[in-house]
Amino acid sequence: MSSEPPPLAPAQPPTQQPSGGLLEAPRNTARSPSPLRDNVVPSPLPTRRTRTFSATVRASQGPVYKGVCKCFCRSKGHGFITPADGGPDIFLHISDVEGEYVPVEGDEVTYKMCSIPPKNEKLQAVEVVITHLAPGTKHETWSGHVVSS
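In this text, all values refer to a predicted model and were calculated from it rather than measured experimentally. (Residues numbered from 1 in each chain as written. Predicted model: local features only at pLDDT ≥ 70, side-chain atom pairs only at ≥ 80, totals over all residues. Heavy atoms only, no water.)

A. Molecular detail of the overall build of the protein chain. The secondary structure content of the protein chain amounts to 1 helix and 10 strands. When the helices and strands of the protein chain are placed in sequence order, the string is β-β-α-β-β-β-β-β-β-β-β. Counting all 149 residues of the protein chain, 23% fall into the buried class. A separation of at least 24 residues holds for 52% of the contacts in the protein chain among residues at least 6 apart in sequence. Carbon and sulfur atoms form 58% of the exposed surface of the protein chain, whose accessible area is close to 11100 Å². (Helix = DSSP H or I, 4+ residues; strand = E, 2+ residues; numbered from the N terminus. Buried < 20%, exposed > 50% of the residue type's maximum accessible area, 1.4 Å probe, protein only. Contact = heavy atoms within 4.5 Å. Areas by Shrake-Rupley, 256 points an atom, 1.4 Å probe, with all protein chains shown as cover.)

Structure below.
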């Protein structure tokens, strides 16, 4: 008796279905393990919850800036502020809005700034407070009540 393993059978070629279509040979559907499979991918947006304590302290000790809300989408949870002194727009996350109203375009706001990781090249508005509601617009509270200003 030889200790050689038996020869492998050749792969099965596609076979004909009665209707004339081709059947494929069975495939191996086993997948390699992935650390993100069955887990929720973390959001890349920096929030109050994911900000480090040191970044929060640095932002709270910084100066207060003024600006106007350029846009804000409640369903997406973010928007932008146009600084009063000019410059590029500042990112605004829903978790950093203080007060009872959802910001809308034209609202005057005060805010402090914090850098956005990982490269810390862009800035984010934190501790955002609406100082003046935009006249002639409908404002919504976080609970859903609509108020006309």
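B. Just the side chain of Thr110, in detail. On the secondary structure map, Thr110 appears in strand β7 (residues 108-116). With residues near it in sequence (within four places) discarded, Thr110 still touches Val64, Tyr65, Lys66, Glu127, Val128, Val129 and Thr131.

C. Quick look at the nonpolar core. Judged by nonpolar contacts, Cys69, Phe72, Ile81, Ile90, Leu92, Val97, Val102, Val109, Tyr111, Ala125, Val128 and Ile130 together constitute the single largest core of 12 residues. Of all the secondary structure elements, the ones that give two or more residues to this core are β3 (65-73), β5 (90-93), β7 and β8 (122-132). Here this core takes 3 residues from β8, the largest share from any one element. Not counting residues within four places of it along the chain, the set of residues in contact with Val102 comprises Phe72, Arg74, Asp107, Ile130, His139, Glu140, Thr141 and Trp142. (Core = buried A, V, L, I, M, F, W, Y, C linked by side-chain atoms within 4.5 Å.)

D. Main features of unusual backbone geometry. Even without being glycine, Glu127 reaches a positive phi, approximately 50°. Taking the relative accessible area as the measure of exposure, Glu127 reaches 31% and is therefore partly exposed.

E. Examining the pairing of β3 more closely. The sheet contact formed by β3 and β7 spans 4 bridges and is antiparallel. Residue pairing for β7: Lys66 is matched across the bridge by Thr110. Where β3 meets strand β4 (residues 78-83), 6 bridges bridge the pair, whose relative direction is antiparallel. Within the sheet, the bridge partner assigned to Gly67 lies in β4 and is Pro83. If you look at the hairpin formed by β3 and β4, you'll find 4 residues sitting between the two strands, and Gly77 has a positive phi there, around 90°. (Pairing = 2+ DSSP bridges.)

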